[in-house]
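Given next are the chains, with one letter for each unit.
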Amino acid sequence: GAVVSQHPSWVICKSGTSVKIECRSLDFQATTMFWYRQFPKQSLMLMATSNEGSKATYEQGVEKDKFLINHASLTLSTLTVTSAHPEDSSFYICSASLGGNQPQHFGDGTRLSIL
Amino acid sequence: SQQGEEDPQALSIQEGENATMNCSYKTSINNLQWYRQNSGRGLVHLILIRSNEREKHSGRLRVTLDTSKKSSSLLITASRAADTASYFCATDAWGGSEKLVFGKGTKLTVNP
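An account of the accompanying structure is given in this report. (Residues numbered from 1 in each chain as written. Chains lettered and ligands numbered in written order. Predicted model: local features only at pLDDT ≥ 70, side-chain atom pairs only at ≥ 80, totals over all residues. Heavy atoms only, no water.)

**As for the interface of chain B and chain A**
This is how it is decided: Any two residues whose heavy atoms approach within 4.5 Å at even a single point are treated as in contact. When two parts are brought into contact, each loses some accessible area as probed by a 1.4 Å sphere; the total of that loss over both is the buried area. Salt bridges are identified by distance alone: a Lys or Arg side-chain nitrogen within 4 Å of an Asp or Glu carboxyl oxygen. The definition of a polar contact used here is a pair of N or O atoms within 3.5 Å, where within protein one atom must be able to donate a hydrogen and the other to accept one, and adjacent residues in sequence count solely through side-chain atom pairs. To qualify as a helix, a DSSP run of H or I must reach at least 4 residues; to qualify as a strand, a run of E must reach at least 2; elements of each kind are numbered from the N terminus. Gly counts as polar in this scheme, as do all residues outside two lists: the nonpolar Ala, Val, Leu, Ile, Met, Phe, Trp, Tyr, Cys and Pro, and the charged Asp, Glu, Lys and Arg.
Between chain B and chain A, the contact holds 20 residues from the first and 23 residues from the second. For the pair chain B and chain A, the two sides together bury roughly 1600 Å², of which 49% comes from carbon and sulfur. Inspection of the region where chain B meets chain A yields two salt bridges. Inspection of the chain B/chain A interface yields six residue pairs in polar contact (both at pLDDT 80 or more). Secondary structure elements with two or more residues in the side of chain B that touches chain A: β4 (29-37) and β5 (43-50) of chain B. Among the elements that make up the side of chain B that touches chain A, the one with the highest residue count is β4 of chain B (five residues). Taken together, the residues of the side of chain B that touches chain A sort by class into six nonpolar, nine polar and five charged.

**A short note on the sheet that holds strand β3 (residues 19-25) of chain A**
All names here are of chain A. What counts here: For two strands to be treated as a pair, DSSP must find at least two bridges joining them. Axes, fitted as lines to C-alpha atoms, cover a helix only where it is in contact. Angles between the N-to-C directions of the axes lie from 0 to 180 degrees.
Taken in spatial order, the four strands of this open sheet run β1-β3-β8-β7, and their pairing is antiparallel. Where the open sheet ends on each side, the last strands, each with one partner, are β1 (4-7) and β7 (67-73). Here the average twist between neighbouring strands, direction ignored, is 15°. Where β3 meets strand β8 (residues 76-81), six bridges bridge the pair, whose relative direction is antiparallel. Residue Glu22 lies in a different strand from β8, and its bridge partner there is Thr78.

**Quick word on the packing of aromatic side chains**
For the record, the criterion: The aromatic pairing rule takes the rings of Phe, Tyr and Trp, using the six-membered ring of Trp, and pairs them if the centres are within 6.5 Å, calling planes under 30 degrees apart stacked, those over 60 edge-to-face and the rest tilted. The cut-offs for exposure are 20% and 50% of the maximum accessible area for each residue type, with area from a 1.4 Å probe on protein chains only; residues under the lower value are buried, those over the upper are exposed, and the others partly exposed.
Counted according to the given criterion, the structure contains seven aromatic pairs over all chains. Centre to centre, the rings of Tyr36 of chain A and Phe102 of chain B are 5.5 Å apart; their planes meet at 90°, and the pair counts as edge-to-face. Within this pair, whereas Tyr36 of chain A is found in strand β4 (residues 32-38), its partner Phe102 of chain B is found in strand β10 (residues 101-102), the two belonging to separate chains. Both residues of the pair, Tyr36 of chain A and Phe102 of chain B, belong to the buried class. Both rings, one in Tyr35 of chain B and one in Phe102 of chain B, keep their centres 5.7 Å apart while their planes meet at 50°; by these two values the pair is tilted. With Tyr35 of chain B in strand β4 and Phe102 of chain B in strand β10, the pair connects residues that are 67 residues apart, well separated along the chain. Each of the two residues, Tyr35 of chain B as well as Phe102 of chain B, counts as buried. Ring pairing ties together the aromatic residues Tyr36 and Phe106 of chain A together with Tyr35, Phe88 and Phe102 of chain B, which thus form one cluster.

**As for the sheet that holds strand β6 (residues 55-58) of chain B**
Strand pairs in the sheet, formed through backbone hydrogen bonds, run parallel or antiparallel to each other. Residue and element names in this part refer to chain B. Strand order in this open sheet of five strands is β1-β3-β8-β7-β6, and the pairing throughout is antiparallel. Because the sheet does not close on itself, it has two edges, and the strands there are β1 (5-7) and β6. Between one strand axis and the next, the sheet turns by 15° as a mean value, whatever way the strands run. Bridge count between β1 and strand β3 (residues 19-24): three bridges; the pairing is antiparallel. From the neighbouring strand, Asp7 faces β3, where its bridge partner is Asn22.

Dropping the structure here:
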């Protein structure tokens, strides 16, 4: 149980393109999902907390107009990287929690490469 | 910053040996979790230990927590080549949200 699916797993696109990444909780409902960014050989950095039915909460230094988050249902959150540039190239990972003192369950990540 | 530090950053051992990884953090926590990440993949949850627990076991994994020293250790016994991965600790703030702060990770290589 507690499976999180992330799609796509790999994106290569030209600079200026907007890219949407989906995060789905397949067998549970998640009122809260999280989006992380990970650079090569580094740890995960939390970008934002996605709340179902309300605005996402962004971490300091993360541009909310650059990284648009939508959490329209209890099983789906999307991250859109708008007008992506090479510096946005990274590994993006989402997670969802069952709440309370439960562990977070992670998607398999999306590798974004902007040419 | 609450970000933890893992120690060592990299560890290379032979199959059958034990691997010990340490994690330190800076603020009071609700619980501490250990995750594993294979190269280019998402994270897999290993163990969650609550702030009022001192030790927890799961199969070949043993986690300890010392809240007075703000540190935790992950021991993998009888390691296998398939244990090769990066291991991260993550903490959530006491009384706070579910947000996790991850340590820098230990890259474990188990040689066959």
